[in-house]
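Listed here are the chains, written in short residue letters.
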Amino acid sequence: MKKMLTFTALAAAFTLAAAPARADDDQRYYEQHRSDFITFDKAAEIATQAVAGTVTEVEFDHDYHSDHFDVEVRSNDGNKYDVKIDAKTGKVLSQHIDN
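Residues numbered from 1 in each chain as written. Predicted model: local features only at pLDDT ≥ 70, side-chain atom pairs only at ≥ 80, totals over all residues. Heavy atoms only, no water.

Participant: What am I meant to see in the overall build of the protein here?
Facilitator: A tally of helices and strands in the protein yields 2 helices and 4 strands. Listing the helices and strands of the protein from first to last along the sequence gives α-α-β-β-β-β. Considering only contacts in the protein between residues 6 or more positions apart, those separated by 24 or more positions represent 30%. On the protein, roughly 6900 Å² of surface is accessible, and the fraction owed to carbon and sulfur atoms is 55%. (Helix = DSSP H or I, 4+ residues; strand = E, 2+ residues; numbered from the N terminus. Contact = heavy atoms within 4.5 Å. Areas by Shrake-Rupley, 256 points an atom, 1.4 Å probe, with all protein chains shown as cover.)

Rendered as structure tokens:
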């Protein structure tokens, strides 16, 4: 039982430590392929066209399925929205209230 708890704790620690590294990798990928993508500012602009409000965060995500921006917008009515934008085309892929 003690070994299982130790393994679980190590797995959790690894997962938490890997998250910032993954974000750094995404940023590095964006910098290396910048000409293929819209800018962070353009992603923010597109997000506020989809949801009227103020952008609080813009994050680039690179994965095997798609490259996209995750944009958080605080709407004029106070709700927090997550807006997902295709990094190449600027198309809004999804938008929903973040609970």
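Participant: What's the story with the sheet that holds strand S3 (residues 80–86) in this structure? I'm lost.
Facilitator: Where strands meet in a sheet, backbone hydrogen bonds hold them as pairs that are either parallel or antiparallel. The strand order across the open sheet formed by 4 strands is S1-S2-S3-S4, and the pairing between neighbours is antiparallel. Only two strands of the sheet have a single partner each, and these edge strands are strand S1 (53–62) and strand S4 (92–97). When strand polarity is set aside, the average angle formed by the axes of neighbouring strands in this sheet is 15°. Looking at chain direction, S3 and S4 are connected through 5 bridges and run antiparallel. (Pairing = 2+ DSSP bridges. Axes fitted to C-alpha atoms, helices over the stretch in contact; angles between N-to-C directions.)

Participant: What exactly am I supposed to notice about the packing of aromatic side chains here?
Facilitator: Remark: the centre distance and the inter-plane angle together describe each pair of aromatic rings, the angle taken between the planes. This model, assessed by the stated rule, comprises 8 aromatic pairs. Centre to centre, the rings of Tyr 29 and Phe 37 are 6.2 Å apart; their planes meet at 45°, and the pair counts as tilted. Residue classification places Tyr 29 among the partly exposed residues on the basis of a relative accessible area of 22%. Relative accessible area serves as the criterion here: at 9%, Phe 37 is assigned to the buried category. For the pair Tyr 30 and Phe 69, a centre-to-centre distance of 6.0 Å together with 75° between the ring planes defines the contact as edge-to-face. Taken as a pair, Tyr 30 in helix H1 (residues 2–32) and Phe 69 in strand S2 (residues 67–75) lie far apart in primary sequence, 39 residues in all. (Phe/Tyr/Trp six-rings, centres within 6.5 Å; stacked < 30°, edge-to-face > 60°. Buried < 20%, exposed > 50% of the residue type's maximum accessible area, 1.4 Å probe, protein only.)

Participant: Please explain the pairing of S3 as it appears in this structure.
Facilitator: For a regular strand, side chains alternate in direction, first toward one face of the sheet and then toward the other. Judged from the 7 bridges that link them, S2 and S3 form a sheet pairing that is antiparallel. Residue Val 71 lies in a different strand from S3, and its bridge partner there is Val 83. Hairpin connection of S2 to S3: 4 residues between the antiparallel strands, including Gly 78 at a positive phi of 95°. As consecutive antiparallel partners, S3 and S4 are separated by 5 residues, and within that stretch Gly 90 has a phi angle of approximately 80°, a positive value.

Participant: Can you walk me through helix H2 (residues 40–50) in this structure?
Facilitator: Residue pairs spaced three or four apart in an α-helix point in one direction, given the helix's 3.6 residues per turn. Every buried residue of H2 is accounted for by Ala 43, Ala 44, Ile 46 and Ala 47. Looking straight down H2, one finds its buried side chains confined to an arc of 165°; they lie on one side. Structural note: H2 exposes Asp 41 and Gln 49 on the side pointing more than 90 degrees away from its buried face. On its buried face, H2 is in contact with S1, S2, S3 and S4. (Arc of directions from axis to C-beta.)

Participant: Can you help me understand the side chain of Asp 26 in this one?
Facilitator: Mapped onto the elements of the fold, Asp 26 is located in helix H1. If we ignore the near neighbours within four places in the chain, the residues touching Asp 26 are Phe 60, Asp 61 and His 62.

Any link to function would need more than the numbers given here.
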